[in-house]
Amino acid sequence: MQVNKIDVDSNLQEIIKHGSSDLPIALYNDDFSLFDEGYIRWHWHKEVQISYVLSDKVCFQVEGEEIILEPDEGIIFNTNVLHQIKPVIKMYSIVFDSNFIDGNENSLINKKYINPILYSSNLKYIVLKKDIIWKKEILDYTEKIFKAFNKKEYAYELEVRNYLNYILYLKI
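All values reported here derive from a predicted model rather than from experimental measurement. (Residues numbered from 1 in each chain as written. Predicted model: local features only at pLDDT ≥ 70, side-chain atom pairs only at ≥ 80, totals over all residues. Heavy atoms only, no water.)

### Re the side chain of Lys135
- Residue position: Lys135 is located in helix α3 (residues 133-151).
- There is no salt bridge for the buried Lys135, and the closest opposite charge comes from Asp131, which lies 6.4 Å off by N-O distance.
- Setting aside anything within four residues of it in sequence, one finds Lys135 in contact with Ile126, Val127, Leu128 and Lys129. (Helix = DSSP H or I, 4+ residues; strand = E, 2+ residues; numbered from the N terminus. Buried < 20%, exposed > 50% of the residue type's maximum accessible area, 1.4 Å probe, protein only. Lys, Arg positive; Asp, Glu negative; His and termini not counted. Salt bridge = Lys/Arg side-chain N within 4 Å of Asp/Glu carboxyl O. Contact = heavy atoms within 4.5 Å.)

So, in structure tokens, the structure goes:
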């Protein structure tokens with residue numbers, strides 16, 4: 001999916017709903033030459049975001065910090081983290097609600113593994129580079145998610161969810 005503008009409210013919360021209530025995940029193939037402003041403006045959302053740089057250098061700005069990434073590198077933004085991305089030629093992003101992984105806010109998995117990550121004030125983002133094995137694996141699974149979601153073969157939703165669970169497992 002390609003968007004051309006990030007709409008936000010007065011608190012800079014992104015207004016768009018990512019995915020649907022029965023499949024709370026969206027993938028974006030971001031071509032920034034198609035964006036009205038040429039970049040993704042300051043915003044935050046309740047969903048987790050995984051971005052993967054496809055070409056050129058990208059500057060991710062996160063609450064006063066600048067992170068420069070090269071092609072084949074990425075970043076995971078936790079929920080409710082204010083960020084901006086510019087300039088970019090091409091990148092893709094996966095934005096998903098944690099319910100896609102755990103399915104139930106009262107589940108043991110949610111309480112034991114997901115909430116401690118989502119509500120950690122010390123974990124705003126994770127930079128992903130291929131020089132560290134577990135980060136390389138997350139980048140590899142990010143590519144697999146993008147391919148599976150775009151092919152939409154039978155049971156791709158389960159495949160994508162399994163890859164996201166494995167990313168969570170690698171982070172724990």
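### Details of the pattern of salt bridges
- Taken as a whole and assessed by the stated rule, the structure comprises three salt bridges.
- Across the pair Glu70 and Lys57 runs a salt bridge whose closest N-O atoms are separated by 3.8 Å. Highlighted residues: Glu70 in the loop between β5 (65-69) and β6 (74-77) and Lys57 in the loop between β3 (48-55) and β4 (58-62), separated in sequence by 13 residues.
- In this structure Glu70 comes out as partly exposed when scored by relative accessible area, which is 35%.

### Here we look at the layout of surface pockets
- In this structure, the largest pocket occupies an estimated 230 Å³ of space.
- Around the largest pocket sit Lys46, Thr79, Asn80, Asp97, Ser98, Asn99, Asp102, Glu105, Asn110, Asn115, Leu118 and Tyr119, which together line it.
- Among the secondary structure elements, those contributing two or more residues to the lining of the largest pocket are α1 (99-102) and α2 (108-118). (1 Å grid on protein atoms, 1.4 Å probe; cavity = no way out; pocket = protein on both sides within 12 Å on 5 of 7 lines; lining within 4 Å. Points joined across faces, edges and corners; volume = space filled by probe spheres on them.)

### Here's the deal with helix α4 (residues 156-171)
- Along its 16 residues, α4 runs 23 Å from first to last C-alpha, staying within 8% of the 22 Å computed at 1.5 Å per residue.
- Those residues of α4 that fall on the buried side of the exposure criterion are Tyr156, Val160, Tyr163, Leu164, Ile167, Leu168 and Leu170. The arc that holds every buried residue of α4, seen down its axis, measures 165 degrees, which confines them to one face. (Expected span 1.5 Å × (residues − 1). Arc of directions from axis to C-beta.)

### Focus: the packing of aromatic side chains
- According to the stated counting rule, one finds seven aromatic pairs in the structure shown.
- Both rings, one in Tyr141 and one in Tyr166, keep their centres 4.8 Å apart while their planes meet at 50 degrees; by these two values the pair is tilted. Placement of the pair is Tyr141 in helix α3 and Tyr166 in helix α4, with a sequence separation of 25 residues.
- On the basis of relative accessible area, Tyr141 is assigned to the buried category, the value being 18%.
- For Tyr166, a relative accessible area of 32% translates into the label partly exposed.
- Residues Phe149 and Tyr156 carry aromatic rings whose centres are separated by 5.6 Å and whose planes lie at 90 degrees to one another, so their mutual orientation is edge-to-face.
- What links up through ring pairs into an aromatic cluster is the set Tyr141, Tyr163, Tyr166 and Tyr169.
- A cation sits over an aromatic face here: Lys144 above Tyr141, 4.9 Å from the ring centre. (Phe/Tyr/Trp six-rings, centres within 6.5 Å; stacked < 30°, edge-to-face > 60°. Lys NZ or Arg CZ within 6 Å of the ring centre and 35° of its normal.)

### Observations regarding unusual backbone geometry
- Despite not being glycine, Asn80 has its phi angle at roughly 60 degrees, a positive value.
- Its place among the elements puts Asn80 in the loop between β6 and β7 (83-86).
- Phi is positive for Ala155, which is not a glycine, with a value near 65 degrees.
- With respect to the secondary-structure elements, Ala155 resides in the loop between α3 and α4.
- Since its relative accessible area comes to 26%, Ala155 is described here as partly exposed.

### Overview of the sheet that holds β5
- The four strands are arranged β2-β7-β4-β5 in an open sheet whose pairing can be described as antiparallel. Where the open sheet ends on each side, the last strands, each with one partner, are β2 (40-43) and β5. Taking each pair of neighbouring strands and ignoring which way they run, the sheet shows an average axis angle of 15 degrees.
- When β4 meets β5, the two strands line up antiparallel, connected through five bridges. The partner of Val58 across the bridge, within β5, is Leu69. (Pairing = 2+ DSSP bridges. Axes fitted to C-alpha atoms, helices over the stretch in contact; angles between N-to-C directions.)

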